[in-house]
Amino acid sequence: MISMNKRKIISEITEYTDLEEMAQEDRTLIHKAMNAASTAYAPYSKFRVGAAVLLENNEIISGNNQENAVFPVGLCAERVAVFYAHAKYPDVPIKSIAVSAIHDNNFTDNPVGLCGSCRQVLLESENRFHNDVKIIMFGRNKIIQLSSVKDLLPLHFDLLK
Ligand code: THU
């Protein structure tokens, strides 16, 4: 008897090629993420990332990557923004996050894929507040949107389950 089972995990994403097609709230968030990218501290990678977090109280908190001469000590834009948002408003869930990046003085053509550590941090936020976080990854040629972090992190680790 064979009990082995192959299954597929499907994540739904929405792609946009034009900012105009997006909801005003999402466009505003993208612009905040783009502004934040411009002031990132990234002298080593020269890859400046900006993230903007929209909270359920409608406040927007921005962050950008902060590098360090001891490379692993630096922090990604997403975690700077998420940690600050939760430090400032410990009881307010996150509604959405937009991410953009500048390389060679231009915003990247392709959407910025969040690193695994940032995905894990956002997942914790979703679980903690029982509130899905919409993810918006900006690229000049394409913008990708997902309605939950769980779509970015299938089979995730969760200590409490
Ligand atoms: N980085 C971010 O800030 N966010 C991401 O999603 C990917 C990578 C930063 C880390 C480092 O400062 C630089 O980009 C190059 O990896």
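For the structure, check the block above.
Parameters and conventions
Residues numbered from 1 in each chain as written. Predicted model: local features only at pLDDT ≥ 70, side-chain atom pairs only at ≥ 80, totals over all residues. Heavy atoms only, no water. Buried < 20%, exposed > 50% of the residue type's maximum accessible area, 1.4 Å probe, protein only. Helix = DSSP H or I, 4+ residues; strand = E, 2+ residues; numbered from the N terminus. Pairing = 2+ DSSP bridges. Near = heavy atom within 4 Å. Polar contact = N/O pair within 3.5 Å; in protein donor to acceptor, adjacent residues only side chain to side chain. Areas by Shrake-Rupley, 256 points an atom, 1.4 Å probe, with all protein chains shown as cover. Phe/Tyr/Trp six-rings, centres within 6.5 Å; stacked < 30°, edge-to-face > 60°. Core = buried A, V, L, I, M, F, W, Y, C linked by side-chain atoms within 4.5 Å. Contact = heavy atoms within 4.5 Å. Salt bridge = Lys/Arg side-chain N within 4 Å of Asp/Glu carboxyl O. Expected span 1.5 Å × (residues − 1).

Engineer: Outline the pairing of strand 6 (residues 134–138), listing residues and values.
Structural biologist: Each regular strand carries side chains that alternate between the two faces of the sheet. In terms of residue burial, strand 6 counts as a mostly covered element, since 4 of its 5 residues are buried. When strand 6 meets strand 7 (residues 143–146), the two strands line up antiparallel, connected through 4 bridges. The partner of M137 across the bridge, within strand 7, is I144.

Engineer: If you had to explain the site of the ligand to someone new, which residues and values would you point to?
Structural biologist: Surveying the vicinity of the ligand reveals the residues S45, F47, V49, N65, E67, C76, A77, E78, G113, L114 and C115. A distance of 2.9 Å separates an oxygen atom of the ligand from a polar backbone atom of A77. At 2.5 Å from an oxygen atom of the ligand is found a side-chain nitrogen or oxygen belonging to E78. Burial of the ligand by the protein amounts to 75% of the accessible area it has alone, namely 370 Å². Where the shell around the ligand is concerned, the elements lending two or more residues are strand 2 (47–55) and helix 2 (77–88).

Engineer: Lay out the packing of aromatic side chains in plain terms, naming residues and giving numbers.
Structural biologist: Counted according to the given criterion, the structure contains 2 aromatic pairs. Considering the side-chain rings of Y44 and F71, the 5.4 Å spacing of their centres and the 45° angle between planes classify their relative orientation as tilted. Of this pair, Y44 sits in the loop between helix 1 (24–38) and strand 2 while F71 sits in the loop between strand 3 (60–64) and helix 2; the two residues are 27 residues apart in sequence, bridging distant segments of the chain. Residue classification places F71 among the exposed positions, given a relative accessible area of 59%.

Engineer: Help me get a handle on the nonpolar core, residues and values and all.
Structural biologist: One finds V53, L55, V82, I97, L122, I135 and M137 to be the most contacted residues of the largest nonpolar core, which totals 27 residues. Broken down by secondary-structure element, the contributors of at least two residues to this core are strand 2, helix 2, strand 4 (94–103), helix 3 (116–129), strand 6 and strand 7. Excluding its chain neighbours within four sequence positions, the residues that come into contact with V82 are V53, I94, I97, V121 and L122. Counting 13 residues, the second largest nonpolar core, distinct from the first, contains L19, L29, A33 and M34.

Engineer: Please provide a residue-by-residue account of the environment of Y16, values included.
Structural biologist: Along the chain, Y16 falls in strand 1 (residues 14–16). Taking relative accessible area as the criterion, Y16 reaches 16% and is therefore assigned buried. Apart from the residues lying within four places of it in its own chain, the contact partners of Y16 are E21, M22, K142, I143 and Q145.

Engineer: Can you lay out the pattern of salt bridges for me, pointing to particular residues and giving the numbers?
Structural biologist: Following the criterion strictly, the structure yields 8 salt bridges and no others. Residue K150 is joined to D132 by a salt bridge in which the shortest nitrogen-to-oxygen separation is 3.9 Å. Taken together, the positions of K150 in the segment after strand 7 and D132 in the loop between helix 3 and strand 6 put the pair 18 residues apart, joining distant regions of the chain. Note on K150: relative accessible area 31%, which makes it partly exposed. Within the structure, one salt-bridge network assembled from shared partners comprises E126, D132 and K150.

Engineer: Explain helix 1 to me, and be specific about the residues and the numbers.
Structural biologist: Over its 15 residues, helix 1 extends 22 Å from the first C-alpha to the last, a length consistent with the 21 Å expected when each residue adds 1.5 Å. By the burial criterion, the buried members of helix 1 are D26, R27, L29, I30, A33, M34, A36 and A37.

Engineer: Before we move on, can you summarise the side chain of S96 with the specific residues and values?
Structural biologist: With respect to the secondary-structure elements, S96 resides in strand 4. Classification of S96 by relative accessible area gives buried; the value is 1%. With sequence-adjacent residues up to four places away left out, S96 is seen in contact with L29, A52, V53, L54, V133 and K134.

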